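Notes for the structure review
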Amino acid sequence: MEGETSPFESSEMLASFLASTPLLSESWKLCSHANAATPESFVRNRIGDVSYVAFSGIQRDAGLDLGCRRSLVAVDTAAAGIFPALQRYGSEAEEPVMVHAGMLRLFLSMIKLRNFQTQVFDIMKESKLVVFTGHSLGGTMASLSALWLLSHPQSTTTVLSLTFGTPLLGNVALSRAILQERWGGNFCHVVGKHDIVPRLLLAPPSPLTPHLHSLLRYWHLSMTSPYFRLLTLELSDEEKNSLFLFVLSSVEALAKSGESLGRDSFCPFGNYVFCTNEGAICLDNVVAVVKMLHLMFATGCAASCIEDHLNYEAYVGKVSSEFLKSRGFAEGELPESSYEVGVTLALHSSEIDCRAPVWEPAKDCLKTAKRMGHAPNIKSANLAKVLSKFTPLRAQIEWYKASCDASDDRMGYYDTFKLGGPSKKDGKVDMNRRKLARFWDDLIQMLDTNQLPHDFHRRAKWVNASQFYKLLVEPLDIAEYYRTGMHREKGHYVTHGRERRYKLFDRWWSNTKVGEEENNQRNRYASLTQDSCFWARVEEARDWIENVRSESDSRKLTLIWENINNFEQYARSLVQRKEVSIDVLAENSSYSLWMKELRELKSQLQQFSP
């Protein structure tokens, strides 16, 4: 049963906020000035504590092709160091963040200009809010500028990207990264009801799309002149209709599938404000945005889909003057619940007639967005209950570790499990290890498929739980890996055998802020070794000792000794800081035996060296 309170309060609040402040009108005013006066550049203006930076939508870069859907490039290779926060998402554990190659190239050429960086940093110092804005391709420059500053936080200044009719910028990984960094509220894309440009890259390449792009690049020069009329003649009515139907069918297929967009597909991010002659409606759910891009586009035609790209001045004026006016219903039309009132009010702003065939699909789209908004938090709460059921399994492994550390064989936790036989105790621990692995793998799968809140990996409960699990269980995974000889088939564990979940948990933990209490010097050894891969590094070091005995190449021998010495220093530092568990220092542990073997080897070398 749906709740009685309207789920569209956030959408209405954002749209109302934009309409009741000068943000929309001032941003568009400066965009118009940038398009007309400063092609391929930017202009700035300051009003009180708010500074506006508008990028021109006119770009003449011959390599920039909006018709090429697969012109995506990874930011970690094409723009190393520019977006450090986004580069973290390009690890082996997940797909890299990718953006349109041509758009990124334009931005990099601009950011390399000293004048641009100097002006931006000056603006940050003197403003409480910086609004990056732009129309069409200028909007992509605005979004990339906001991403750049958000990746390099310079001050407490708030950064907002407010774009008009801009094409899509990046892939699904970019959209996911923005949500996980909690930057979604920093991006607002204003989209005309029938504007084809924000929808263009959802369609595969077409012979007409490069032609349309070359046409769009120069339209901005003639917004108020008859030249625009002449340019539209470059596309025949038949070509316009073919292009409209082609893009419409592509967007419709994506909207109806309800599936995640592909790795090489462009994807929306942030908030989308859909403007019509009746007002505005705001959505921030990717699936709902794609569906609404289709539903509104379906009510247009070939002529309106192109001309609407230049209609934002009218939209901005309409939103600013009309949206906040009272929009009541006839007494007999008032829905019974406040939920249905919220739905109807939201759809009223979309300018979709209640008698039109798309009315019900549009209503379902908004209801789906509401359900999808609540579902992640509900699943997160349910997961907490499931985690509590796994606590006994974890406790049994902790008991096993304590018994190993106190055993008379003095091998410790890791070596006891590695060398253990088919005992009932070892078998129970191994079963618990596998059950915990399935739980965390299922959790990561839900996170990958957007079934959990996008800031899930930043919540202290789950960061701490995943870290404890990693420190407790990964040594057992390493022991199993070397006991079964997988290192001889695949290679050593750290490089070739480590599970993806542990790599993700490393990043979750590294992204948390370390409090003062965690910086204090330990006065006793840790309950769990703080480097969960420590035993894998010991196993590699044991191989190096063997290689020293058999290697005759002096250059290779020098490199091996360098590795041995580096690990020895690293291990000693962990012990000195008491960041290891007592099982590391057990008399017959792999580490203690390795240290003994190393001392003997060095002693032998000293005896035979001149």
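Up top is the structure.
No experiment lies behind these values; they were computed from the predicted model shown. Residue numbering note: each chain is counted from 1, following its sequence as written. Restriction of local features to residues with pLDDT of at least 70 applies here, the model being predicted, together with a cutoff of 80 or more for giving and counting side-chain atom pairs; totals for whole chains, interfaces and linings are based on all residues. Based on all heavy atoms of the structure, the side-chain values leave hydrogens and waters out of the count.

**Description of the overall build of the chain**
The secondary structure listing takes helices from DSSP runs of H or I that are at least 4 residues long and strands from runs of E that are at least 2 residues long, numbered from the N terminus. Each helix and strand in the chain was counted, giving 27 helices and eleven strands. Per-residue accessibility, obtained with a 1.4 Å probe over protein chains only, is compared with the maximum for each type, and a residue is labelled buried under 20%, exposed over 50%, and partly exposed between these values. Looking at the chain as a whole, 53% of its 610 residues qualify as buried. In the chain, of all internal contacts separated by at least 6 residues, the share reaching a separation of at least 24 is 77%. Every accessible area reported is derived by Shrake-Rupley at a probe size of 1.4 Å, with residue values counting cover from the shown protein chains alone. Split by element, the accessible area of the chain, about 28,000 Å² in all, is 52% carbon and sulfur. The criterion used for residue contact is that any of the two residues' heavy atoms lie within 4.5 Å.

**Some words on the pairing of strand 1 (residues 42-47)**
Both strand 1 and strand 2 (residues 50-55) contribute to a ladder of six bridges, which runs antiparallel. Residue pairing in the sheet places Ile47 in a bridge with Val50 of strand 2. Pairing between two strands is assigned when DSSP locates at least 2 bridges connecting them. Connecting the antiparallel pair strand 1 and strand 2 is a turn made up of two residues, with Gly48 showing a positive phi of about 65°.

**Some details on the pattern of salt bridges**
Pairs can form between side chains of opposite charge once their charged atoms are near each other. Note on definitions: salt bridges are taken to be side-chain nitrogens of Lys or Arg within 4 Å of carboxyl oxygens of Asp or Glu. Counted by the stated rule, this structure contains 28 salt bridges. Notably, a salt bridge pairs Asp477 with Arg501, separated by 3.4 Å at the nearest N-O pair. Of this pair, Asp477 sits in helix 20 (residues 460-483) while Arg501 sits in helix 23 (residues 500-510); the two residues are 24 residues apart in sequence, bridging distant segments of the chain. The class of Arg501 is buried, set by a relative accessible area of 5%. If you follow the salt bridges from partner to partner, you end up with Asp430, Arg433, Arg434, Asp441, Asp477 and Arg501 in one network.

**A few points about the sheet that holds strand 10 (residues 271-276)**
Taken together, the seven strands give an open sheet; going across it, the order is 1-2-5-6-8-10-11, and neighbouring strands pair in mixed fashion. Both edges of this open sheet fall to strand 1 and strand 11 (279-283), since each of them pairs with a single strand only. Sheet twist, expressed as the mean angle between neighbouring strand axes with direction ignored, is 20°. Where helices are involved, their axes are fitted lines through C-alpha atoms of the stretch in contact, as for all axes, and angles between N-to-C directions lie from 0 to 180°.

**Observations regarding empty space enclosed by the protein**
In this analysis a 1.4 Å probe is tested at points of a 1 Å grid over the protein atoms alone, and where it fits but cannot get out there is a cavity; an open set with protein on both sides within 12 Å along at least five of seven lines is a pocket; lining residues have an atom within 4 Å of a point. Grid points are joined across faces, edges and corners, and a volume is the space filled by probe spheres set on the points. Applying the stated criterion across every chain, the model contains five cavities of 30 Å³ or more. When its volume is computed, the largest cavity comes out at roughly 120 Å³. Considering the residues around the largest cavity, the lining is formed by 13 residues, among which Glu94, Gln180, Leu504, Arg507 and Trp508 are closest to the centre. Elements with a minimum of two residues in the lining of the largest cavity: helix 19 (424-448) and helix 23.

**Thoughts on the packing of aromatic side chains**
Between two aromatic rings, the relevant description is the distance of the centres plus the angle of the planes. Here is the rule: rings of Phe, Tyr and Trp (six-membered ring for Trp) pair when centre to centre is within 6.5 Å. Planes less than 30 degrees apart are stacked, more than 60 are edge-to-face, and the remainder are tilted. Per the stated rule, a full pass over the model turns up 33 aromatic pairs. Geometrically, the ring pair formed by Tyr481 and Tyr493 is edge-to-face, given 5.5 Å between the ring centres and 75° between the ring planes. Highlighted residues: Tyr481 in helix 20 and Tyr493 in helix 22 (residues 493-496), separated in sequence by twelve residues. Relative accessible area serves as the criterion here: at 7%, Tyr481 is assigned to the buried category.

**Considerations on the packing of helix 20 against helix 25 (residues 534-550)**
Interhelical geometry of helix 20 versus helix 25 gives an angle of 30° and a closest axis separation of 8 Å. Taken together, helix 20 and helix 25 sit at an angle that is classed as roughly parallel. Seen from helix 20, the contacting residues are Pro475, Ile478 and Tyr482; seen from helix 25, they are Trp535, Ala536, Glu539 and Glu540. Residues were grouped as follows: Ala, Val, Leu, Ile, Met, Phe, Trp, Tyr, Cys and Pro as nonpolar; Asp, Glu, Lys and Arg as charged; and all remaining residues, including Gly, as polar. When its residues are assigned to classes, the contact of helix 20 with helix 25 shows five nonpolar, no polar and two charged. An angle below 35 degrees is treated as roughly parallel, one above 145 as roughly antiparallel, one from 65 to 115 as roughly perpendicular, and anything else as oblique.

**Some points on the nonpolar core**
Side-chain atoms within 4.5 Å link the members of a nonpolar core, which is a set of buried Ala, Val, Leu, Ile, Met, Phe, Trp, Tyr and Cys residues. Counting 79 residues, the largest nonpolar core has Phe83, Phe132, Leu147 and Phe274 as its most contacted members. Here the element with the most residues in this core is helix 7 (residues 137-151); it accounts for eight residues. Beyond its immediate stretch of four places on either side in the chain, Phe274 contacts Val191, Gly279, Ala280, Ile281, Leu283, Val289, Met292, Leu293 and Met296. In this structure, Tyr414, Trp440, Met446 and Leu504 belong to the second largest nonpolar core, which totals 61 residues.

**Quick notes on the side chain of His189**
For His189, the position within the fold is in strand 8 (residues 187-192). A relative accessible area of 2% places His189 in the buried class. Counted as a polar contact is a pair of N or O atoms within 3.5 Å, where, for protein atoms, one must be capable of donating a hydrogen and the other of accepting one, and residues adjacent in sequence contribute only when both atoms are in side chains. Within the structure, the side chain of His189 is placed 2.9 Å from the side chain of Thr163, a separation counted as a polar contact.

**With respect to helix 23**
Considered for burial, the residues of helix 23 that qualify are Arg501, Tyr502, Leu504, Phe505, Arg507 and Trp508. Buried residues in helix 23 make contact with helix 19, helix 20 and helix 22.

**Notes on the pairing of strand 10**
The element strand 10 is largely enclosed, with a buried count of six among its six residues. Side chains Asn271, Val273 and Cys275 of strand 10 all project onto a buried face; the interleaved residues Tyr272, Phe274 and Thr276 project onto the opposite face, where all are buried too. Taken together, the five bridges between strand 8 and strand 10 define a ladder with parallel strand orientation. Paired with Val190 across the bridge in strand 10 is Val273. Direction of pairing for strand 10 relative to strand 11: antiparallel, over a ladder of five bridges. Pairing of Phe274 across the sheet is with Ile281, part of strand 11.

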